[in-house]
Amino acid sequence: MTGPLKVALLGCGTVGSAVLRLVDEQAADLAARVGRAVEVVGVAVRRPDRHPEVPAGLLTTDAHGLVTRDDVDLVVEVIGGIEPARSLILAAIEAGKSVVSANKALLAEDGVALHAAAAKAGVDLYYEASVAGAIPLLRPLRESLAGDQIRRVVGIVNGTTNYILSRMAETGAGFSEALAEATELGYAEADPTADVDGFDAAAKAAILASLAFHTAVTAADVHREGISSVTATDVARAAEIGCTVKLLAICERVAGRPDEAEGDTVAVRVHPAMIPTSHPLAAVGGAFNAVFVEAEAAGQLMFYGQGAGGEPTASAVLGDLVAVARNRVAGAAGAGPSAYAELPARPIAETPTRYHVSLDVADVPGVLATVATEFARHEVSIATVRQDGHGDAATLVIVTHSAPDAALSATIAALREVPAVRGVTSVLRVEGLS
């Protein structure tokens, strides 16, 4: 076969339109890299009248008919969401088409079934663009580090929240003000829930953990907290202890203790945390993404770049498109991810970390001892305490040593019942990232 490889494109929004344009502009280079020309033969959209820039002959509202056409070789899905994306991808796979997707939500929820379908059909399912935009990350985890054992993946994988927290640190603004600025500049959607509440980052964390630890991890396995409760005071107090606040996706392979019959576990969580300003992730500002990988033989690696946007994401899509097209020309499918390890998910209650706790208390004799007693009673060791008085009240700022989440939660619940404690104003995790 010497004719062009024919591509069906599902969706023509910000990313899809960039993909369509880049395939046209780079046609000669793509043909040289693949060994055959690459041609988009159809673009499925819901409202063709909204895409005057696309040649009318390419537009269709029949997405299912497009992905199952006999002459289509590859399918690129950039419509997002669960349905109809899942049904369309499965239909394409069953029809023998390799698929490139940028759909983090779908891969995090149903990746196991999609990979099984692709393996059964002998086709590729690639999705580099689903995590961290243009940053080459998933393929290094799946292929370049396949001979190593990854212990930890931690990163900033949502540009919207990173922009908001960066602006709070730079200007002293509160969350609402920084969010309004992000919205005005186009970094935040009109409904920012998926970003600021951590859903976007949690889906990406599930994908990263699945690849890193050879274990099927879904979004339901990820502990998730957003940034809407982070205040300007939290950010200022982080600076006082040499830290900054970031929304982190943390994926860890936790070694089992001798008294734990199940052996190693996987802990995956997304939450705001104070991190030392000396760590490379602390310097990641604006809407950029960065992911820090720790492997036993390779050591520490960092991947950094633009994590969103039409052209950066389209770059990742085209990288996958070239890879699956080369496989198609060779008459084979690439190796898919493995899930042989089958490590159980570790509950957040058992996951240890350090905490920064702020309390409003009555400024009376013995209040510090009372508070310290509650921490000790729940086996949470205190590292540092600072007390600032103001009138008949005081603020206690406590940083703990590492303790399980359940122990800290029990401590906070008990403190809320202490008469001298007027309020627990803030609880943030502190990640050393050593």
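Just so it is clear, the structure is predicted and the values come from calculations on it, not from any experiment.

Reading the values: the criteria
- The residue numbers shown here count from 1 along each chain, following its written sequence.
- Local features in this predicted model are restricted to residues whose pLDDT is 70 or higher, and side-chain atom pairs enter the listing and the counts only when it is 80 or higher, whereas totals over whole chains, interfaces and linings include all residues.
- Side-chain descriptors were evaluated using all non-hydrogen atoms of the structure, hydrogens and water having been removed beforehand.
- Here, any two strands with at least 2 DSSP bridges between them count as paired.
- Starting at the N terminus, helices and strands are each numbered in turn, a helix being any DSSP run of H or I of at least four residues and a strand any DSSP run of E of at least two.
- Residue contacts are defined here by distance: any two heavy atoms, one from each residue, within 4.5 Å place the two residues in contact.
- Between N-to-C directions, angles cover 0 to 180 degrees, with each direction set by a line fitted to C-alpha atoms, over the stretch in contact for helices.
- Cavities and pockets were defined on a 1 Å grid built over protein atoms only: a cavity is a set of grid points that admits a 1.4 Å probe from which the probe cannot escape, a pocket is an open set flanked by protein on both sides within 12 Å along at least five of seven lines, and lining residues are those with an atom within 4 Å of any such point.
- Grid points are joined across faces, edges and corners, and a volume is the space filled by probe spheres set on the points.
- Classification convention: Asp, Glu, Lys, Arg as charged; Ala, Val, Leu, Ile, Met, Phe, Trp, Tyr, Cys, Pro as nonpolar; all other residues, Gly among them, as polar.

Caption draft 1: Quick peek at the sheet that holds strand E5 (residues 98-101). Spatial ordering of the open sheet is given by E3-E2-E1-E4-E5-E6, a layout of six strands whose pairing is parallel. The open sheet has two edge strands with one neighbour each: strand E3 (59-60) and strand E6 (125-126). As paired elements, strand E2 (residues 38-44) and E3 share two bridges and run parallel to each other. In the sheet register, Ala44 faces E3, and the bridge partner there is Thr60. Seen against the sheet, helix H4 (residues 85-94) touches strand E1 (5-10), strand E4 (74-77) and E5 and runs at an angle of roughly 150° to E5.

Caption draft 2: Layout of the layout of surface pockets. What the second largest pocket holds in volume is close to 350 Å³. If you go around the second largest pocket, you meet 23 residues; those closest to its centre are Glu225, Ser229, Ser426, Val427 and Leu428. Counting only elements with at least two residues in the lining of the second largest pocket, the list comes to helix H14 (405-415) and strand E17 (421-430). With six residues, E17 is the largest single contributor of residues to the lining of the second largest pocket. The residue inventory of the lining of the second largest pocket, partitioned by class, reads nine nonpolar, eight polar and six charged.

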